[in-house]
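Chain and residue survey
For reference, the chains in residue letters:
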Amino acid sequence: MTKRFFSTTGLSIQAWDPSISPGSVYQPLGTLVSDALHYHVEGYQHKLGSLGGFLTARLELRLPALNAEDWFTAGLGRHIVVYNSGMDIVWAGFVNRIGLGMGALSAERGPLLDVANRASVMYAPILDDSVSPPIIGTTIPTTIVEDTSSQADYGVLEKVLSGGTCTDEDAERYRDTFLEENKYPVTSESLNLSPGDAKEPQISLECEGYHRWFEVYPYEDATTGSTSVHDKIENVITADPNGLFSTDYGDIAANAYLTPEQEQDMPTAWAVLKSLVALGDASDKRYSFGIYADQKARYRAIEDLDELYNHRLTSEGQQVTLKKDQSVVFPWDVRADEWMFLPDFLPGRTVYSERRRDPRYIYIESVTYTAPYGLAVNGQHISTLPQLLAKAGLGGMA
Amino acid sequence: MTCWEVLRITNGTDTVNLRSSGDTGYICCAWRPSFAALKDGGVWLDSPLADGRRLAMAYYQNMVQTLTLQLNAYTTDDLYHYIQDLERLLIQARNYWKSGGVSDFVWLEMQGRCESEMRYALVKNGRWGDTPFPFDAPVAQDEQTGLVAMPDIELVLELGPAWTENQPGVGTQIPIGTAVEFNSQYFGNVNPSTGEVVRTTDPDVYLANYRADVQPTHIFRYDASTGTYSANLLGTALPYNLFPSPPAVGDILYIGVQSSVADGGPFSNVVFNIGTAGSDYDVQVEVGTGGGWTIIGANSTWSSGFATDAFITTGSGVISWYPGHTRPTDIVNGITGWWVRIRVTAVGGAPSAPQQAEYHPYFAGWPYIDIEDGDVGGNIPALAELIVRNVSGQTSSLPGRAARVIQLALRSRSRGEDFTPFLNIADEQNPSGVTVVGSFADYGDSPTGRGLASSAGSAYIQMTPALARAYLGRFHAYVRGNFDAGVTVTDAQVRLRVSYGASATNFTAFYDVTADPLSGIGGNVWGLVWDLGQFEIRPCLENDDFSLQFTVGIFSDSGAFHVHDLILWPVDEWAAQFQTAYSTDLAIGLSSLTQPHYLDVDSVRCPVQDLRSFSVNEAAGVYSIWQAIAAGPAILQAEGAQRLYALSRSPTDVADPEESNVGTVHRVSLYKQARYRGGRGSR
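All values reported here derive from a predicted model rather than from experimental measurement.

On to the overall build of chain B, then. Scanning chain B from N- to C-terminus turns up two helices and 48 strands. Principal axes of the C-alpha set define a box for chain B whose edges measure 100 × 80 × 55 Å. When the 683 residues of chain B are sorted by exposure, 57% land in the buried category. Long-range contacts, defined here as pairs at least 24 residues apart, represent 77% of the contacts in chain B between residues at least 6 apart. As displayed, chain B offers around 25500 Å² of accessible surface, 47% of which is attributable to carbon and sulfur atoms. Considering chain B, the positive charge centre built from 42 side chains and the negative charge centre built from 70 side chains are found 3 Å apart.

Spelled out as structure tokens, the structure:
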């Protein structure tokens, strides 16, 4: 019998409306919008990175006009999840910006992350302007104002403005105006009436990974003393006002290096996380951090990882394979934050025990998959100096 | 052989013949049927540093057919009416696709001269070429002098990517059936005398949620009026009564497995086929407790409780129950084994005994259906529709046996007849060629009655080279088990290591993963699943003499649990997962597949949707939409014997998909729409 097997080497893409109870629950898998988005996709690309995990995805959809309008009006924040043929998640995130082309109209909605429905202003109050120069107080925040209607639609998106030096009344006016003007996503439209330039209904979805939600809440902790890096990472994640992130911290590696527990001046959670990741550990090893399937965080030491992938430059197939058994890894399954070895590059050269000395080893900083079979891998060599400098307060992660 | 020819466009009601044999109408006078080409010629991997190139992906475009037509009519008006009729169908064809299926679809029917079978193709678009000058002959010929005509009209039809065996939207049911041999008896859809499989289109084919070899060894009818047992009914000619005639209070049907028989063990369902229905009695189902009997919350296809209407209709049916954490043996009529009994508790004025016919009662112990070589046809994968009926239900006393997730996977049997995704982590009931080494204990909620205790630490499953070759391919691995009864468990972890080896002692691990830990209390969950991710057993080892070893390690921070099977879910032909498209709004709750609901996984009946899945209430119609995780439509291989596997799970919420109950039973029906590139002939 001749073997003639059909292989579903492909992706399936789903869209969900999240279920939101403002301030307590943000469940991305709320109500199913479509389990067959892949049939409408004309273009698809996703990117994964060692800092962030599931970074971005871009979908180009061709849809009937009514569906396109639904996506444009209700699509922001929708949960997008992409499965491989073995039903594993290869990318997941949310729609941050939507583009619509229809006839002569080009319209854009978002980005969602620019929305602010909980706002305050940090400012230095003018205590006495009857003297010159005026007497200025220490920087303080205004009270927080919120828009619960916007929060019910999109979850809690908190922004802290810098008000500089101003009066209490001015700071509150800045805050209120900012909230009023930013509580819903912005929309922009343009018309191009040049003959021949009209478009069929087309939607583009610019999606971001859930690590971006660390940018929309500040993290403060008044506790004095020190704590371990991994405990502080968990504290930052737990502080999420939406309850979006998984509380399963099983993929957060233990790192007992001590760091101050206190955080003040309302930095974003993402700024705090990046500074924590930049510290490395007591041995100055570099760590990675990302949000992956089910909004679960992963934090781990890069140098402790085994080489996962191989790529043979001289292979007809131009494919990534697993180093352990040479089985093919489909391009959409290739992950960042892994090591890759090039076995037929510089053949015969000494194999160094330190991978950073050997140009045949690539640490995958980011990987970009473009449908149907495109793959770009960006690599880098790892060193300890940045971690050492970060501990001294010099430099950090971009 | 038929020797006519067919070429026509139709929506099932209105038809335009493109190969008219009369004086008028369309006559297709030239056409070179074309095959669907690959999109962009396929996706090729092409390194400048290596010889040749390699095909990585290939999907078909639509077929584009260019026909040259001659149109004849008696009048000029008729001529234009013919064109309007065809254009109406082409507009309807376009509207179907534009509207997402709101209007009816249109298709082309074609049968070559002396070709045995008709073929069909969906019409997606139609485009006319220019028509002749309208003010002169032959279009404007004087009506009194004869026919008017439009010669050499070009019609370009864009059709679906393949021809089909039936008109679009219509499937052909495939007869299916499965049979096994146990203790020198045949069970399942089988002639019990000859062992010949009896394939059927009736709803008489069952899927278990596990794989086990065990089948009944003894069936007794107990007569309370005389205090005597019948002979073992498995040695009796069919049909036979299931109760004494007439039934009386205290009469009992016993079904059991003798514990001394090789691969004997407990069971959690019994399938019957009632030739003559019984009437006017009540029953209850009881299992042995090691010295007594206890009523179990059995469910059946006759009723949800199986009390007042047991066996009261003819045909196939099943009773099933959750097996429970422990299953002791009992002695019935001198036979020590695992027993279930159906006891008459009340009778009316005119009770009559039900009669078993055609095959002996059996246990549905296989999670697959077989499709035989020649059942599908065509030369590219056929579209498929699968109906999965839940027959194990769910009430408050029957937790966890209604599916909320159903996984399906197709695998060709030519890759290895002895392949099974379900390997029991037990010292019994595995395929020939499997050796399982570990320290095992009795667990009633295991498919075999045996399992690996967390205190034992680990076990390994080793395959002979002959069997290992059947396992080449890609898999998604799961391990199933449960917390021990009444025990609170924290962070129950399962680790899987997969290794190649040239001998029993020389193995090299190539996949090593630990699943996310699970916590809970035994008794509150009804079977657990640990997800261990995907791996490949490389095809290029096919010609090598190699063995496989699967090592399963288990441990917990506190509390005891056990595991009972390793599931290697094949994902390299067609695999899909269907689950309730539930909302996290607790007011809505989860929508599960309970009796009398069925799941319809359909790539046949609605051409505008490549794959749709929804649950249907047998009496009330569509119940809920299910979400499909699948990279393509439901398919069957065009040729060769194949096996379609099913695995059901019952997560309690969207983020908690770990439960999988071995007591779940489904009944299935299968339909296909064979597809062809090019002509059909007699196939």
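From this point, things continue past the structure.
Moving on, we get to the interface of chain B and chain A. Taken together, the contact pairs 59 residues of chain B with 47 residues of chain A. Its largest share of buried area at the contact with chain A, chain B owes to B:Leu45, B:Ile629 and B:Ala631, together 12% of the area lost on that side. Between the two partners, chain B and chain A, sit one salt bridge. Taking the shortest distance from any N to any O, the salt bridge between A:Lys296 and B:Asp516 comes out at 3.1 Å. Summed over the shared surface of chain B and chain A, the number is 13 residue pairs in polar contact (both at pLDDT 80 or more). Counting residues per element, the ones that place at least two in the side of chain B that touches chain A are β4 (43–45), β5 (54–57), β29 (405–412), β35 (473–483), β37 (506–514), β39 (528–537), β42 (574–580) and β45 (621–629) of chain B. Each residue belonging to the side of chain B that touches chain A can be placed in one class, and the counts come to 28 nonpolar, 16 polar and 15 charged.

The next thing to look at is unusual backbone geometry. In this structure, A:Pro133 follows A:Ser132 across a cis peptide bond, with omega equal to -5 degrees. Among the secondary structure elements, A:Pro133 is positioned in the loop between β8 (118–128) and β9 (135–136). A cis amide bond links B:Leu238 with the next residue in sequence, B:Pro239, at an omega value of -5 degrees. Relative to the helices and strands, B:Pro239 is located in the loop between β16 (228–229) and β17 (240–241). In this structure, B:Ser184 takes a positive phi of about 65 degrees despite not being glycine. If you trace the backbone, B:Ser184 turns up in the loop between β12 (179–182) and β13 (185–188). With phi around 50 degrees, B:Asp491 is a residue other than glycine that occupies positive phi space. In this structure, B:Asp491 sits in strand β36 (residues 488–503). With relative accessibility at 26%, the residue B:Asp491 sits in the partly exposed group.

A separate point is the packing of aromatic side chains. Residue and element names in this part refer to chain B. Taken as a whole, this structure holds 48 aromatic pairs over all chains when the rule is applied. A centroid spacing of 6.4 Å and a plane angle of 50 degrees characterise the contact between Phe-243 and Phe-311, whose relative ring orientation is tilted. Linking Phe-243 in the loop between β17 and β18 (252–258) with Phe-311 in the loop between β22 (299–300) and β23 (315–320), this pair joins segments that are 68 residues apart in sequence. For the pair Phe-243 and Phe-311, a shared accessibility class is recorded, and that class is buried. On the basis of an interplanar angle of 15 degrees and a centroid distance of 4.2 Å, the ring pair of Tyr-500 and Phe-510 is categorised as stacked.

Membership of the largest hydrophobic core comes to 191 residues, with the highest contact counts inside it found for A:Ile80, A:Phe289, B:Phe272, B:Phe311, B:Tyr471, B:Phe535 and B:Phe550. At eight residues, strand β6 (residues 89–103) of chain A tops the list of elements feeding residues into this core.

With that settled, the discussion passes to the state of the cysteines. Residues and elements named next belong to chain B. Within the structure shown, the criterion is met by zero disulfides over all chains. The thiol of Cys-28 is unpaired, and the distance to the nearest cysteine sulfur, on Cys-29, comes to 6.4 Å. Cys-28 gets classed as buried once you look at its relative accessible area, which sits at 7%.

Residue and element names in this part refer to chain A. Look at helix α3 (residues 168–182): 21 Å from first C-alpha to last across 15 residues, which is about the 21 Å you get at 1.5 Å a residue. For α3, the set of buried residues is Ala-171, Arg-175, Phe-178 and Leu-179. End-on, the buried residues of α3 take up no more than an arc of 95 degrees, which puts them together on one face. Exposed residues on α3 whose side chains face more than 90 degrees from its buried face are Glu-169, Glu-180 and Glu-181. The secondary structure elements touched by the buried residues of α3 are β8, β11 (145–146) and β12 (158–166).

Turning next to a nonpolar patch on the surface. Side chains of A:Leu127, A:Val131 and A:Ile135 sit close together on the surface and give an oily, nonpolar patch of about 270 Å² of accessible area. Position of A:Leu127 among the secondary structure elements: in strand β8.

This paragraph deals with helix α1 (residues 65–74) of chain A. Residue and element names in this part refer to chain A. Turning to α1, its buried residues are Ala-68, Trp-71 and Phe-72. All buried residues of α1 lie within an arc of 95 degrees about the axis, which places them on one face of the element. Facing away from the buried surface of α1 by more than 90 degrees, the exposed residues are Leu-66 and Thr-73.

So, about the pairing of strand β8 (residues 119–128) of chain B. Both strand β7 (residues 107–111) of chain B and β8(B) contribute to a ladder of four bridges, which runs antiparallel. When the bridges of β8(B) are listed, B:Glu109 appears paired with B:Tyr120.

What follows is about the environment of B:Val318. Residue and element names in this part refer to chain B. Residue position: Val-318 is located in strand β23. Owing to a relative accessible area of 0%, Val-318 belongs among the buried residues under this scheme. When the C-alpha positions of Val-318 and Thr-301 are compared, they lie 5.8 Å apart, and in sequence the two are 17 residues distant.

As a further point, take the confidence of the model for chain A. All names here are of chain A. Model confidence for chain A is summarised by a mean pLDDT of 89, while 95% of its residues fall at 70 or above. Mean pLDDT across the elements of chain A ranges from a minimum in helix α6 (residues 385–391), with 73, to a maximum in helix α4 (residues 229–238), with 97. This stretch, residues 1–9, has a pLDDT under 50; its non-local contacts, to residues over four places away or in other chains, come to 29 contacts.

Conventions adopted
Residues numbered from 1 in each chain as written. Chains lettered and ligands numbered in written order. Predicted model: local features only at pLDDT ≥ 70, side-chain atom pairs only at ≥ 80, totals over all residues. Heavy atoms only, no water. Helix = DSSP H or I, 4+ residues; strand = E, 2+ residues; numbered from the N terminus. Buried < 20%, exposed > 50% of the residue type's maximum accessible area, 1.4 Å probe, protein only. Contact = heavy atoms within 4.5 Å. Areas by Shrake-Rupley, 256 points an atom, 1.4 Å probe, with all protein chains shown as cover. Lys, Arg positive; Asp, Glu negative; His and termini not counted. Charge placed at Lys NZ, Arg CZ, Asp CG, Glu CD. Buried area = accessible area lost by both parts, 1.4 Å probe. Salt bridge = Lys/Arg side-chain N within 4 Å of Asp/Glu carboxyl O. Polar contact = N/O pair within 3.5 Å; in protein donor to acceptor, adjacent residues only side chain to side chain. Nonpolar A, V, L, I, M, F, W, Y, C, P; charged D, E, K, R; others polar. Phe/Tyr/Trp six-rings, centres within 6.5 Å; stacked < 30°, edge-to-face > 60°. Core = buried A, V, L, I, M, F, W, Y, C linked by side-chain atoms within 4.5 Å. Disulfide = S-S within 2.5 Å. Expected span 1.5 Å × (residues − 1). Arc of directions from axis to C-beta. Patch = residues over 30% accessible without salt bridge, like charges linked within 9 Å, V, L, I, M, F, W, Y side chains within 5 Å. Pairing = 2+ DSSP bridges. pLDDT = per-residue confidence, 0-100.

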